[in-house]
Amino acid sequence: MRNKTIHATNFRKVLELFREERNEEAINLLKIIQEDYLDLYSENKELRSQIKEVSDILDLAECMDFDGQKYWIKEDSDVTGPYCQVCYDQEGILIRLQERDKHWECYSCENLFAKIPKGVTDKNQKPKRKTKPPLKLFSVK
Ligand SMILES: [Zn+2]
């Protein structure tokens, strides 16, 4: 496996090779340095996009509100949702719940969330499945 870091000594070595008029060797070494640079460039680009992904998730988590059953997203004065707690906790995806007469329904995991009148909390109204795996921070390739 190729070492991904550019060897700083290679720059000096190129200079020495040119000074000793070993131009062919110097040119070959420059090609190697260029390849190393390109590798680092793409690695850097990938890391930047992963950082952006994580920071987007953190931004989102900051404006998420859990009402005991469902998630709502509050941005300034805008509130959207509700979103399915099971799908978000398990898959990290936001599925908007469909409103029915007496409950909310998730078309993805098919969990039902009873509508609770304000001020009343019913501890029996929990989603069917309740597990909480860690958040997926990076997309799977
Ligand atoms: Zn769901």
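Worth saying up front: this structure is predicted, and the values here are computed from it rather than measured.

> Explain the overall build of the chain here, please?
Tallying secondary structure elements over the chain gives 3 helices and 6 strands in all. Helices and strands appear in the chain in the N-to-C order α-α-β-β-β-α-β-β-β. Classification of the 141 residues of the chain by burial places 10% in the buried group. Contacts spanning at least 24 positions in sequence make up 30% of the contacts within the chain whose residues lie at least 6 apart.

> What exactly am I supposed to notice about the nonpolar core here?
Nonpolar side chains in soluble globular proteins tend to end up buried together. The biggest cluster of nonpolar side chains holds 9 residues, and these are Tyr71, Tyr83, Cys84, Val86, Cys87, Leu97, Trp104, Cys106 and Phe113. Those elements that provide at least two residues to this core are β3 (78-84) and α3 (85-91). Not counting chain neighbours up to four residues away, the residues in contact with Phe113 comprise Gln69, Lys70, Leu97, His103 and Trp104.

> For this particular structure, what's the right way to read unusual backbone geometry?
With the exception of glycine, most residues fall at negative phi, and the peptide bonds are largely trans. The omega torsion of the bond from Gly81 to Pro82 falls at 0 degrees, within 30 degrees of zero and hence cis. Although it is not a glycine, Glu110 adopts a positive phi angle of roughly 65 degrees. Mapped onto the elements, Glu110 comes out in the loop between β5 (103-105) and β6 (112-114).

> Which parts of the structure should I look at to understand the sheet that holds strand β4 (residues 98-99)?
By way of backbone hydrogen bonds, the strands of a sheet pair with one another, either parallel or antiparallel. Taken in spatial order, the 3 strands make up an open sheet running β4-β5-β6, and their pairing is antiparallel. Two strands in the sheet have a free side with no partner beyond their single neighbour: β4 and β6. Here 2 bridges tie β4 to β5, and the two strands are oriented antiparallel to one another. Directly across from Gln98, in β5, lies its bridge partner Glu105.

> Help me out: how do you make sense of the packing of helix α1 (residues 8-19) against helix α2 (residues 23-62) in this one?
Close contact between α1 and α2 brings their axes to 8 Å; oriented N to C, the two are set at 160 degrees. In terms of their interaxial angle, α1 and α2 are classed as roughly antiparallel. Crossing geometry of α1 relative to α2 is assigned as left-handed. Across the interface between the two elements, Asn10, Lys13, Val14, Leu17 and Phe18 of α1 pack against Asn23, Glu25, Ala26, Leu29, Leu30 and Ile33 of α2. Split into classes, the residues belonging to the contact of α1 with α2 amount to 7 nonpolar, 2 polar and 2 charged.

Rules and cut-offs
- Residues numbered from 1 in each chain as written.
- Predicted model: local features only at pLDDT ≥ 70, side-chain atom pairs only at ≥ 80, totals over all residues.
- Helix = DSSP H or I, 4+ residues; strand = E, 2+ residues; numbered from the N terminus.
- Buried ≥ 20, exposed ≤ 12 C-beta atoms within 10 Å, placed from the backbone.
- Contact = placed C-beta atoms within 7 Å.
- Core = buried A, V, L, I, M, F, W, Y, C linked by C-beta atoms within 7 Å.
- Pairing = 2+ DSSP bridges.
- Axes fitted to C-alpha atoms, helices over the stretch in contact; angles between N-to-C directions.
- Parallel < 35°, antiparallel > 145°, perpendicular 65-115°, else oblique.
- Left-handed = near helix turned anticlockwise from the far one by under 90°.
- Nonpolar A, V, L, I, M, F, W, Y, C, P; charged D, E, K, R; others polar.

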